[in-house]
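# An overview of the molecular structure
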Amino acid sequence: MKPAPFRYHRARSAEDATRLLSELGDEAKVIAGGQSLVAMMNYRLARPAHLVDIGGLRTLDHLHTDADGALHIGALTTHHTVETAPPDVLEPGFGVLRRAMGWIGHLPIRTRGTVGGSLAHADATAEWCLLAVALGAEIVAEGPRGSRRIRAEDFFLGYYTSALDPDELLVEIVFPRPAPHAALTEFAERRGDFAIVAAAVSLDVAGGAVHGGRVALGGVAPAPVRVPEAEAVLAGGGTFAECAAAAAEASDPPGDAAGGPEYRRHLIRTLVRRACEEAMAL
């Protein structure tokens, strides 16, 4: 398959990109690594009239912690860069990000695909979207009206839909606090395929005991979601099995060719418990 005709524009800066997006309107799409968009265009599932290429904006390729301990990841940072980041950048507080990269496709995809592209694509099963929700991240967007930060829980609105305005550019994701006891796990029919269900957990651990945490699921709703019922079990001193059961009971997953709702609930119970156990072991 070949994509429908489009016009190509190469942005020289973030400001130039937002100017182009403002001028071209909602017929324009941003392209960076292109690992999702190009495939959709080839199958004619996406037919943008204009492509705005931001691949050359090196200022959006960064990975560092600030004086307050928050982790900043630029939109053009590749999955492989996170996967191979020096230990002093991610460990121990953000080691879950490195470990989660192994679930993303295969190595060629991870070397080209970008963090910002995955977030902007807003796939409910994407690892970065789930990590953003589970770890309480903020998405930084720039547009003609300036810069704004959007909570991850407010950013993902539905199937492949985010809170980005058509003339805004996602420039960075910020993880405000370390999550030393966090884990992500998922299930797919084949390694590298899109997850049928994914689960991410971040535990609040003190004195060797769990005092609370965050539980997020992907593949069970139009967007990645937190599960307050499961989090209440953790805060109340319940077991990981009880937390997993509460997550499954509270979920209303869809049914499709990959499996029905009850099958997905079974996966939720298995994956949430597994993620809790992995997070506690860290």
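This text goes with the structure placed above it.
Below or above, wherever it landed, is the structure these notes cover. Since we're looking at a predicted model, the values are computed, not measured.

## Overview of the overall build of the protein
Within the protein, the regular secondary structure consists of 12 helices and 14 strands. The C-alpha atoms of the protein give 19 Å as radius of gyration, which agrees with the globular expectation for 282 residues (19 Å, within 12%). In the protein, buried positions account for 50% of the 282 residues. About 12900 Å² of surface is accessible on the protein, with carbon and sulfur atoms providing 53% of the total. Taking the 27 positively charged and 35 negatively charged side chains of the protein as two groups, their mean positions are separated by 6 Å.

## Comments concerning the pattern of salt bridges
For the structure on display, the rule yields 21 salt bridges. With its nearest N and O atoms 3.4 Å apart, the salt bridge here joins Asp165 to Arg145. Pair noted here: Asp165 is in the loop between β9 (161-162) and β10 (169-175) and Arg145 is in the loop between β6 (138-143) and β7 (146-151), with a separation of 20 residues, a long-range link. Judged by its relative accessible area of 58%, Arg145 falls in the exposed class. For Arg265, the salt bridge is made with Glu262, and the minimal N-O distance between the two is 3.4 Å. Of this pair, Arg265 and Glu262 both sit in helix α12 (residues 261-280), three residues apart, which is roughly one turn of the helix.

## Here's the deal with the side chain of His9
Summarising the element assignment, His9 is placed in strand β1 (residues 7-10). A relative accessible area of 16% places His9 in the buried class. Sequence-distant contacts of His9, defined by excluding residues within four places in its chain, comprise Leu20, Leu24, His50, Leu51, Val52 and Asp53.

## What to know about the pairing of strand β11 (residues 182-187)
Across a regular strand the side chains alternate sides, sitting on one face of the sheet and then on the other. Burial runs high along β11: five of the six residues are buried. By the bridge criterion, six bridges tie β11 to strand β12 (residues 197-206) in an arrangement that is antiparallel. Paired with Thr185 across the bridge in β12 is Ala199.

## Some points on the sheet that holds strand β4 (residues 63-65)
An order of β4-β5-β10-β6-β7 is seen for the five strands of this open sheet, with the pairing classed as antiparallel. At either end of the open sheet lies a strand with only one pairing partner, and these are β4 and β7. Averaged over all adjacent pairs, the angle separating strand axes in this sheet is 25°, with direction ignored. Bridge count for β6 against β10 is five bridges, and the pairing is antiparallel. Its bridge partner lying in β10, Ile139 is registered against Ile173.

## A look at the packing of aromatic side chains
Under the defined criterion, the tally for this structure stands at two aromatic pairs. Residues Trp128 and Phe175 carry aromatic rings whose centres are separated by 6.3 Å and whose planes lie at 45° to one another, so their mutual orientation is tilted. With Trp128 in helix α8 (residues 127-134) and Phe175 in strand β10, the pair connects residues that are 47 residues apart, well separated along the chain. Residue Phe175 is classed as buried on the basis of its relative accessible area of 0%. Judged by centre distance (5.1 Å) and plane angle (90°), the ring pair of Phe155 and Phe156 falls under edge-to-face. Taking relative accessible area as the criterion, Phe155 reaches 0% and is therefore assigned buried. Over the aromatic face of Trp103 sits the side chain of Arg191, whose NZ or CZ is 4.5 Å from the ring centroid.

## Some details on a nonpolar patch on the surface
Taken together, the side chains of Met1, Tyr43 and Leu45 present a nonpolar region at the surface, about 440 Å² in accessible area. Within the secondary structure, Tyr43 is located in the loop between α2 (37-42) and β3 (50-53). For Tyr43, a relative accessible area of 59% gives the class exposed.

## A short note on unusual backbone geometry
With an omega of -5°, the peptide bond between Glu91 and Pro92 qualifies as cis. The backbone of Ala122 shows a phi angle near 60°, a positive value even though the residue is not glycine.

Conventions used here
- Residues numbered from 1 in each chain as written.
- Predicted model: local features only at pLDDT ≥ 70, side-chain atom pairs only at ≥ 80, totals over all residues.
- Heavy atoms only, no water.
- Helix = DSSP H or I, 4+ residues; strand = E, 2+ residues; numbered from the N terminus.
- Rg over C-alpha atoms; globule rule 2.2 N^0.38 Å.
- Buried < 20%, exposed > 50% of the residue type's maximum accessible area, 1.4 Å probe, protein only.
- Areas by Shrake-Rupley, 256 points an atom, 1.4 Å probe, with all protein chains shown as cover.
- Lys, Arg positive; Asp, Glu negative; His and termini not counted.
- Charge placed at Lys NZ, Arg CZ, Asp CG, Glu CD.
- Salt bridge = Lys/Arg side-chain N within 4 Å of Asp/Glu carboxyl O.
- Contact = heavy atoms within 4.5 Å.
- Pairing = 2+ DSSP bridges.
- Axes fitted to C-alpha atoms, helices over the stretch in contact; angles between N-to-C directions.
- Phe/Tyr/Trp six-rings, centres within 6.5 Å; stacked < 30°, edge-to-face > 60°.
- Lys NZ or Arg CZ within 6 Å of the ring centre and 35° of its normal.
- Patch = residues over 30% accessible without salt bridge, like charges linked within 9 Å, V, L, I, M, F, W, Y side chains within 5 Å.

These results come straight from atomic positions and should not be treated as a statement about function.
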